[in-house]
Structures are given as structure tokens and as C-alpha cells.
Amino acid sequence: MVNKLDQVMGELVRQERQGAIPDAVQKRIDETLAALPEKRVLKRKRWALHGTVAATVLMGLAIGSGFVSPTMAEALSKLPLIGSVFEDFGDTGLKQSSQQGLTATVGKKVQVGKDSVEVKEILYDGERLTVGFVWKAHQKIKELPDFGYKVNGREYGGGFALKGGMKDDHTFNGILDIDVHQTLSDSFTLNFLVHDKPQVGKRQKVLAQLDIPVKKANSKVDKHSLNHIEKLGDTTLKVKEISLGPSSTELVVERTHKHLPDDFLEQPRVDYTLIDSRGIVLQRLDRRGSGNRGVLFDRWTFAPVKQNPTHFEIVYKEMKPDLYGKPSPLGEFKVTHLPTPDQPIRVPLGEAGTIMVNQIEFLPDKTKVHYQVKMNKPWHNPFDYMHVLELKDKNGRKYHDKNFPRVEDADTYLFLMELKPMKKEQIQSFVAPQVTFDPQIKTLKFKVELSGKK
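Residues numbered from 1 in each chain as written. Predicted model: local features only at pLDDT ≥ 70, side-chain atom pairs only at ≥ 80, totals over all residues. Heavy atoms only, no water.

## What to know about the overall build of the protein chain
Then, in step 1: Within the protein chain, the regular secondary structure consists of 6 helices and 25 strands.
Then, in step 2: The buried share of the protein chain, reckoned over its 454 residues, is 48%.
Then, in step 3: By element, 49% of the accessible surface of the protein chain is carried by carbon and sulfur atoms, the whole surface being about 24,300 Å². (Helix = DSSP H or I, 4+ residues; strand = E, 2+ residues; numbered from the N terminus. Buried < 20%, exposed > 50% of the residue type's maximum accessible area, 1.4 Å probe, protein only. Areas by Shrake-Rupley, 256 points an atom, 1.4 Å probe, with all protein chains shown as cover.)

## Details of the sheet that holds strand β19 (residues 367–375)
Then, in step 1: Across the sheet, which stays open at both edges, the 5 strands sit in the order β17-β18-β19-β23-β22 with antiparallel pairing between neighbours. Each having just a single partner strand, β17 (345–348) and β22 (406–409) make up the two edges of the open sheet. Pairwise comparison of adjacent strand axes, ignoring direction, gives a mean angle of 35 degrees for this sheet.
Then, in step 2: Pairing of β22 with strand β23 (residues 414–419) involves 3 bridges; the strand directions are antiparallel. Across the sheet, residue V407 finds its bridge partner in β23, namely F415. (Pairing = 2+ DSSP bridges. Axes fitted to C-alpha atoms, helices over the stretch in contact; angles between N-to-C directions.)

## A closer look at the packing of aromatic side chains
Then, in step 1: Applying the stated criterion to the full structure yields 13 aromatic pairs.
Then, in step 2: When the centroid spacing of 4.7 Å and the interplanar angle of 50 degrees are considered together, the rings of F133 and F147 count as tilted. Of this pair, F133 sits in strand β3 (residues 129–136) while F147 sits in strand β4 (residues 146–151), and the two are 14 residues apart along the sequence. Exposure class is identical for F133 and F147. Each is buried.
Then, in step 3: Seen from their ring centres, Y272 and Y316 are 5.4 Å apart, and the 55 degrees between their planes marks the pair as tilted. Taken together, the positions of Y272 in strand β12 (residues 269–275) and Y316 in strand β15 (residues 311–319) put the pair 44 residues apart, joining distant regions of the chain. Judged on exposure class, the residue Y272 and its partner Y316 are both buried.
Then, in step 4: Put simply, the rings of F133, W135, F147, F172 and F192 touch in pairs and so form one group of aromatic residues.
Then, in step 5: Positioned over the ring face of F89 is R406, at 4.9 Å from the centre of the ring. (Phe/Tyr/Trp six-rings, centres within 6.5 Å; stacked < 30°, edge-to-face > 60°. Lys NZ or Arg CZ within 6 Å of the ring centre and 35° of its normal.)

## A look at the sheet that holds β3
Then, in step 1: Within the open sheet, the 5 strands sit side by side as β1-β2-β3-β6-β5. Their pairing is antiparallel. Two strands lie at the open edges of the sheet, namely β1 (104–112) and β5 (160–168), each paired on one side alone. Here the strands of the sheet are splayed against their neighbours by 20 degrees on average, with no regard to which way each runs.
Then, in step 2: In this sheet, strand β6 (residues 171–178) lies alongside β3 in antiparallel orientation, the contact comprising 8 bridges. Each residue of the ladder has a partner; that of F133, found in β6, is G174.

## A look at unusual backbone geometry
Then, in step 1: Residue N152 is not a glycine yet carries a positive backbone phi of 55 degrees.
Then, in step 2: Positionally, N152 belongs in the loop between β4 and β5.
Then, in step 3: Its relative accessible area of 48% is what places N152 among the partly exposed residues.
Then, in step 4: Phi angles above zero are rare outside glycine, and Y413 is one such case at about 60 degrees.

## Concerning the environment of I345
Then, in step 1: For I345, the location among the structural elements is in strand β17.
Then, in step 2: I345 gets classed as buried once you look at its relative accessible area, which sits at 6%.
Then, in step 3: For the pair formed by I345 and F430, sequence separation is 85 residues and the distance between their alpha carbons is 9.2 Å.
Then, in step 4: If we skip the residues at most four places from it in the chain, I345 touches V335, H337, P339, I355, M356, V357 and F430. (Contact = heavy atoms within 4.5 Å.)

## Concerning the pattern of salt bridges
Then, in step 1: One pass over the full model with this rule turns up 22 salt bridges.
Then, in step 2: For R288, the salt bridge identified is with E250, shortest N-O distance 2.8 Å. A residue pair is termed long-range when its members are at least 10 positions apart, and R288 in strand β13 (residues 284–292) and E250 in strand β11 (residues 249–257) qualify at 38 residues.
Then, in step 3: By relative accessible area, R288 is classed as buried at 17%.
Then, in step 4: Judged by its relative accessible area of 5%, E250 is buried.
Then, in step 5: Note that R288 and D286 form a salt bridge whose closest N and O atoms lie 3.3 Å from each other.
Then, in step 6: Linked by salt bridges that have partners in common, D179, E250, D286, R288 and R299 make up one network. (Salt bridge = Lys/Arg side-chain N within 4 Å of Asp/Glu carboxyl O.)

## Describing the confidence of the model for the protein chain
Then, in step 1: With 81% of its residues at a pLDDT of at least 70, the protein chain reaches an overall mean of 82.
Then, in step 2: Counted against residues more than four places away or in other chains, residues 1–9, with its pLDDT under 50, gives 9 contacts.
Then, in step 3: Predicted confidence for residues 31–81 stays below pLDDT 50, and this span has 67 contacts to residues more than four positions away or in other chains. (pLDDT = per-residue confidence, 0-100.)

Here it is, written out as C-alpha cells:
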């Protein structure tokens, strides 16, 4: 691999020396290098870029510029993308897929009035279809347009989730996670759409469209066909399938109720927690469902496993609609010292567990809070509590991550939230919910062996 990269870099340097790189590409390289943090100006030839990072930027630009051979472009496309939306704002599965070279670099951009949208990268492995894009606004972003998609110019019918976060006041890094509910071919065209905001009585207008050729990544997905049956009162669960892929783990359960209200608002709310054979709770990424007349199909997506499991433990919870999402009272805990990994600040979560704040970084443009979530029971889900922590200053203002907190280590449940810049003298306390578990919530824990495969 190293020799291959050396050959690639040698070819790029040769083209640079001979002036074979187009001016537009060179300009983009220079602009990218100028934006790199902690850069060092090297007083050598123009091709003597700022170390490995700059070289990687050059290679990334080469992929879409057309001045390298198809073989070289293919090799370069496997390298991690500088400024990757998946790396910066993606979940564990997207980051892992990006690092394994399963995502494809796109780099298509279009103007939308005075604003612009650029599709940076895409992942399609048969299980997930996800688009990473950047919306840049000429003014401070107060509201985003609507984003959508088609497949080969037609409505696909699958839902999608918009995720991501604000990079700065003018930049939104977006992730469009599309529900692959029907079989897609190994190659197709994804039409990425920007709509205006919906208005009553008016059809939404397409403001911009980017047509992106998509090819299925060369990855292996193990589908385990199962027929594991469990019962909880009047509810029967039949675990039909567990799929293991590089970007996700998918759980498919057929759920039957003897008495299911016709009105969806009166139907019970359910929750699944998936624990691998190492005892690690997997982060929940998405949930989907279908069915009627008392027979429902739950398709829940979790983070990928790091090792091939022999079994999974599943925790199923069922509750009345009025209990779902019921807020807990807040507790406030004074900051008496700056935390360290050896002397963390404990922030109780009531019956659920504890948040251990390990470090607070006071930077010029932000405040970083590093913390770990520890549950009182091994089958409780720490990812349910990764976003509940708030910081309160001496003026009574509360600070929380304007984006979703980032996962620093999924195996040990370490998280990072980024807040507005503040000084350590301003900090007064941490605020977190004090959870009590309602006895009316029904819980079933069971083990599923991975024996079947298709």
C-alpha cells in the first residue's frame, strides 16, 4: 500500500513539475493549503507542499479533475477525504466506511441563488444509501431549504432522515440517510434535490438538482436468517433477520399484538437495544416500521460491530404512548474543580446512571466538554443519554451542543460536546435529567444465537 501511494505521489509531483496540472486545479490546491490549520510555508519549489496532509489534499483534488489516469483515480479514491462530512458529522458506521474506502468522493456543486450546495461524498453498500453534502449560505443561516432525492429521475418512495450540523454560521454539513426499503440495482443515478419551503396550496419548487452516478461498494454483508420467538404478555416477537455490514447492523423483528388499537396514537411505543457478544451496546442509528392488522415489522439500524459476534442480546421495551418521551426533572450539580480523567466531575442521572465529565477545554472559538456515560445496568442504553448534558454559567444561561454530541469512543461510551466559547471563571454547574423508570414500562431481555445465514 505504501509503495502504491509513493507511486501515485511521484506521478502527481511529476505532473506538477511539468506544468500538467490545470490552473483551476492548482488554484484550488493553493486555496485549500491556505485554509489548513497550523500550516508552515516551505521556501522550496511550488510542489513542495505542506507535508502529508497537503499531499493528501492534492490527491483528493486529482480524483475529480481528470488529469490522472483511471487507474490512479481509482487508487486515490480509496484514501480518506479531507474535509469529509462523514468523518466530521457522521455516525460510527459512516466513519468506519469512510476509513475503509467504501465511500465515493463526488465533489459536485451548484449555485442556488446566492447560496450553494455541494455533494461531497456518498455511501451505498446495499444496506445504507447516505449522502454527505455542504450547504453554504451568503448570510447567517436561520432556516434551511428542504432537501430530497429521486432515483433515476423517479420517486423512490423510501423515507429519509436529515442529519448533520452547523460547521459555522454560514455552513451546514448535512447527511441525508435514505431508507433502502426496495432492492436497488448495483448502479443507478441519484438525483439530489433542493426544494423551497412548502406553502399551503402551492407545490414545492425544485431550486436545484445534482445528478450523481452511484455504484455499490464492494463490501460484504452477512445476513443471518433467524426464527427466534419470544413473548411478553400479549406481544409476540419473532426475530427474522440480523444483517452485519461495514456501515451498520440491521435488526428485523416481526411483532404481533393480540389487541392493537386501530388508532396509531393509541398504540404502544417500543424500543430495542442491541448488545453484541462482547457486552457492548451498539448505537442506534435509525428505526423504521411497517405492517397492519396487529402484525408489524420493525427494522432498526445500529452501528456496525467491530468483531464478528456469536450472539446478540436484545432488550425490548414496550410502553403506553403517554410514557414515551416523558421528560424527567432536572438536577443541577455545582462545578467545584476542573475535571481530569483521574478526578472527573460526577453528574448523576437518577436511576439510569452517571455522566463522568473528564475534561473541559477552553478554546478561543469554542468550549469542548469530554464525558463518559455509565449506566447502572449493563442492558441500559448509554446512547440515550449522550445528548442530555448542559452547562450553566453564573448568569444562569444554559449551554448545550447546537449539533448532536460526537462519539469519541463507541465501545467505552465517550462523547464530546462543543459549546460557545467561555472562560473557566464563568462556569457554575452541570445540569442533567434525574431519571426514574416507570414500572408500567414492560421489559424483555433475551439472547439470540447467530446460527442461520443466507
